[in-house]
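Structural overview
These are the residues of each chain, in order.
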Amino acid sequence: MLSTMQDVPLLISRILTHGSRVHGESQVTTWTGEAEPHRRSFAEVGDRAAQLAHALRDDLGVRDDDRVATLMWNNAEHTEAYFAIPSMGAVLHTLNLRLPAEQLVWIVNHAADGVVIVNGSLIPMIAPLLGKLPTVRHIVVSGPGDRAPLEGATAAVHEYEDLIAGKPTTYDWPELDERRAAAMCYTSGTTGDPKGVVYSHRSIYLHSMQVNMAQSMGLTDQDTSLVVVPQFHVNAWGLPHATFMTGVNLLMPDRFLQPAPLAEMIEKERPSHAAAVPTIWQGLLGELTARPRDVSSLTQVTIGGSACPPSLMAAFDKLGMRVCHAWGMTETSPLGTVSRPPAHVVGTEQEFAYRLTQGRFPAGVEARLTGPGGERLPWDGESAGELEVRGPWIAGAYYNGPDAEPLRPADKFSEDGWLKTGDVGIISADGFLTLTDRAKDVIKSGGEWISSVELENALMSHPDVAEAAVVAVPDDKWGERPLATVVLREGSAATFETLRTFLAEEGKIAKWQLPERWTVIESVPKTSVGKFDKKVLRRRYADGQLDVTNL
Ligand code: ADP
């Protein structure tokens, strides 16, 4: 029997229309580095998104399925592009502005982007590459920055504001199939080549609703969210879409991502929520310790992208900022789990331990653990295996060109279609995920596994350690052993012996897991989205570039 319900497609244009009408007064505030930030209401964003869509269609000839790329910071114009491009039926492709030039070229060519909207400050990045980007016909420039490097470009160059000026502020958004492509994002390639994930209108719509649920971010129009996580990093974790559903005000840092301007933004604009990877918060913590600010407005901080060190969570608690830990991937839109402790532990000693886990799966994400032999493992809080997930906002394949069959590599998708995350962990009986490592980072020592994350967290809880990364290195006897690379705080007198003793104290780390190889580095190399880049550390070790002490 069929249902009797209406079948209204879940489209991004509906989120835009809703947000700009029902929450028209809500604001997107963009930091400018000047005395006053730039403010634009959701209603204005709606008008300008319609104008942009007209310009893209009528002036630049963008048609269904054409890829329109953005090389932009987090700001109001990027948000307009977020809504205009998918709503008109084209595909938004957010480009990661931290990628090395060759990778950027590869990705633009792979996606065959026809138009690139670029912030003026990023012209020096794209201009020298244009000769290698044959599909790019138009460059649209927004915001301050010298235009000179674009003179003589092979693509036609337009000014964003000139292009949209005078265009109608309404658009007859097409009634699309909700399963069509809306946006695409390439993985940042921490462990391999970038792979293209293509989100549908439906997947983004459902994911946005999940982001808004009280057990996820749970924000309302009384909140302002400081979106530090880049709009090129998995759609800024879905925040631009989710906030247009609920009227949450957006505070966009643009290119001002250093700890000092972030602290200033928080003090002046008083956001109640913020989202970013742990390395950003480590930096902010250092800044706030050196130069205290009034950050009392910020009561909820979403941290994900890599494991949140316990020391960071504890330090933020002291400042009154409550960290909410979340796990996800480009392939999971990204929201996969959020760590809100269950009611029965709130206010007890167990609460902190629950908050440190990666969190609980929402109803839209099914999970299972697979052991090394392919066997299903129980949710018993002990059995560790690779996490596999499925659900309406989880990728089922990778992009392989507009007319080619999508790619389903066997190491990323199971035969029955689940996503193999490459993350190793355990799940408790009540559905909380604890990741012990990435499958590619785990240290395989004499048939046992050592979690690099556990060692890093223990090291970073030492007051003299600013950052620490642990990688597997070859060992004749054990196969692999951990190498501890540490960044010491200024003026620290800690020695490797004291750090090793510290790790062994109170049974923090089992004796056989203690690293014997140690080195001090200036900073931990980071990937384009701010994660520890262990590939680089392993390479430096193999090339003999690290001065290693054996204890
Ligand atoms: P890339 O895979 O290129 O790094 P993603 O941003 O998609 O790009 O990274 C997803 C991965 O990041 C996950 O598979 C996981 O290993 C890691 N990750 C994300 N959130 C967390 C978290 N809260 N704790 C530990 N690891 C995390």
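Criteria and cut-off values
- Residues numbered from 1 in each chain as written.
- Predicted model: local features only at pLDDT ≥ 70, side-chain atom pairs only at ≥ 80, totals over all residues.
- Heavy atoms only, no water.
- Helix = DSSP H or I, 4+ residues; strand = E, 2+ residues; numbered from the N terminus.
- Rg over C-alpha atoms; globule rule 2.2 N^0.38 Å.
- Buried < 20%, exposed > 50% of the residue type's maximum accessible area, 1.4 Å probe, protein only.
- Contact = heavy atoms within 4.5 Å.
- Areas by Shrake-Rupley, 256 points an atom, 1.4 Å probe, with all protein chains shown as cover.
- Lys, Arg positive; Asp, Glu negative; His and termini not counted.
- Charge placed at Lys NZ, Arg CZ, Asp CG, Glu CD.
- Pairing = 2+ DSSP bridges.
- Core = buried A, V, L, I, M, F, W, Y, C linked by side-chain atoms within 4.5 Å.
- Phe/Tyr/Trp six-rings, centres within 6.5 Å; stacked < 30°, edge-to-face > 60°.
- Domains from an automatic or database assignment.
- Buried area = accessible area lost by both parts, 1.4 Å probe.
- Salt bridge = Lys/Arg side-chain N within 4 Å of Asp/Glu carboxyl O.
- Polar contact = N/O pair within 3.5 Å; in protein donor to acceptor, adjacent residues only side chain to side chain.
- Nonpolar A, V, L, I, M, F, W, Y, C, P; charged D, E, K, R; others polar.
- Axes fitted to C-alpha atoms, helices over the stretch in contact; angles between N-to-C directions.

The next subject is the overall build of the protein chain. Check the secondary structure of the protein chain and you find 16 helices and 27 strands. Relative to its length of 551 residues, the protein chain is compact, with a C-alpha radius of gyration of 24 Å against a globular reference of 24 Å. Its C-alpha atoms put the protein chain at 70 × 60 × 45 Å along the principal axes. Counting every position in the protein chain, which comprises 551 residues, the buried fraction comes to 58%. Taking the intrachain contacts of the protein chain between residues at least 6 apart in sequence as the baseline, contacts between residues at least 24 apart amount to 66%. For the protein chain, the accessible surface area stands at approximately 22900 Å², while carbon and sulfur atoms represent 51% of it. Placing the 50 positive and 69 negative side-chain charges of the protein chain at their respective mean positions leaves the two points 2 Å apart.

Attention now goes to unusual backbone geometry. The bulk of non-glycine residues show a negative phi, and the bulk of peptide bonds are trans. Between Ser333 and the following residue, Pro334, the backbone shows a cis peptide bond with an omega angle of 5°. With phi around 50°, Val234 is a residue other than glycine that occupies positive phi space. Structurally, the position occupied by Val234 is in helix H8 (residues 234-237). The phi dihedral of Arg270 is positive, around 50°, even though this residue is not glycine. As for its position among the elements, Arg270 is in the loop between helix H10 (259-269) and strand S12 (273-276).

Attention now goes to the pairing of S12. Judged by which residues are buried, S12 turns out to be covered on both faces: His273 and Ala275 on one side and Ala274 and Ala276 on the other are all buried. Here strand S10 (residues 224-227) runs beside S12; their pairing, made up of three bridges, is parallel. By the bridge assignment, Leu226 is partnered in S12 with Ala274.

One finds Ile117, Leu387 and Val389 to be the most contacted residues of the largest nonpolar core, which totals 80 residues. Top element by residues in this core is helix H2 (residues 42-59). It accounts for eight residues. The contact partners of Val389, leaving out residues within four places of it in the chain, are Trp327, Thr332, Phe361, Val365, Glu366, Ala367, Ile394, Trp418, Leu419 and Thr421. Membership of the second largest hydrophobic core comes to 57 residues, among which are Trp31, Leu99, Val116 and Val323.

Applying the stated rule across the entire model yields nine aromatic pairs. Between Phe42 and Phe244, the ring centres sit 3.9 Å apart and the planes meet at 5°, which makes this aromatic pair stacked. On the criterion of sequence distance, the pair formed by Phe42 in helix H2 and Phe244 in helix H9 (residues 239-246) is long-range, its members being 202 residues apart. Like Phe244, Phe42 is buried. Feature note: the residues Phe42, Phe83 and Phe244 constitute an aromatic cluster, connected by ring pairs.

With that settled, consider the environment of Gly447. Summarising the element assignment, Gly447 is placed in the loop between strand S22 (443-445) and strand S23 (448-450). Gly447 sits 251 residues away from Gly196 along the chain, and the two C-alpha atoms are 35 Å apart.

Interface size is commonly expressed as the accessible area that is lost once the parts come together. You can read the domains of the protein chain as domain 1 (12-425) and domain 2 (441-550). In this assembly, 20 residues from domain 1 lie in contact with 14 residues from domain 2. Roughly 1300 Å² is buried in total at the junction of domain 1 and domain 2, and carbon and sulfur atoms are behind 60% of that figure. On the surface where domain 1 and domain 2 come into contact, there are zero salt bridges. Summed over the shared surface of domain 1 and domain 2, the result is four residue pairs in polar contact (both at pLDDT 80 or more). The set of elements that each furnish at least two residues to the side of domain 1 that touches domain 2 consists of helix H11 (278-290) and helix H12 (310-318). Per-class residue counts for the side of domain 1 that touches domain 2 are seven nonpolar, 12 polar and one charged.

This paragraph deals with the sheet that holds strand S5 (residues 115-119). Strand order in this open sheet of seven strands is S7-S6-S5-S3-S4-S8-S9, and the pairing throughout is mixed. The sheet is open, and its two borders are formed by strand S7 (156-159) and strand S9 (196-200), each paired with just one other strand. If you compare each strand with its neighbour and ignore which way they point, the axes differ by 25° on average. In terms of strand pairing, strand S3 (residues 67-71) meets strand S4 (residues 91-94) through four bridges, oriented parallel. Across the sheet, the residue bridging to Arg67 is Val91, located in S4.

Before going further, it helps to spend a moment on the pattern of salt bridges. Oppositely charged side chains can form a pair if their charged atoms are brought close together. All told, the structure shown has 29 salt bridges when counted by the stated rule. With a shortest N-O distance of 3.0 Å, Arg180 and Asp65 are connected by a salt bridge. Within this pair, whereas Arg180 is found in the loop between helix H6 (160-164) and strand S8 (181-186), its partner Asp65 is found in the loop between H2 and S3, the two being separated by 115 residues in sequence. Several salt bridges converge on common partners, so that one network encompasses Arg40, Arg48, Glu77, Glu80 and Glu161.

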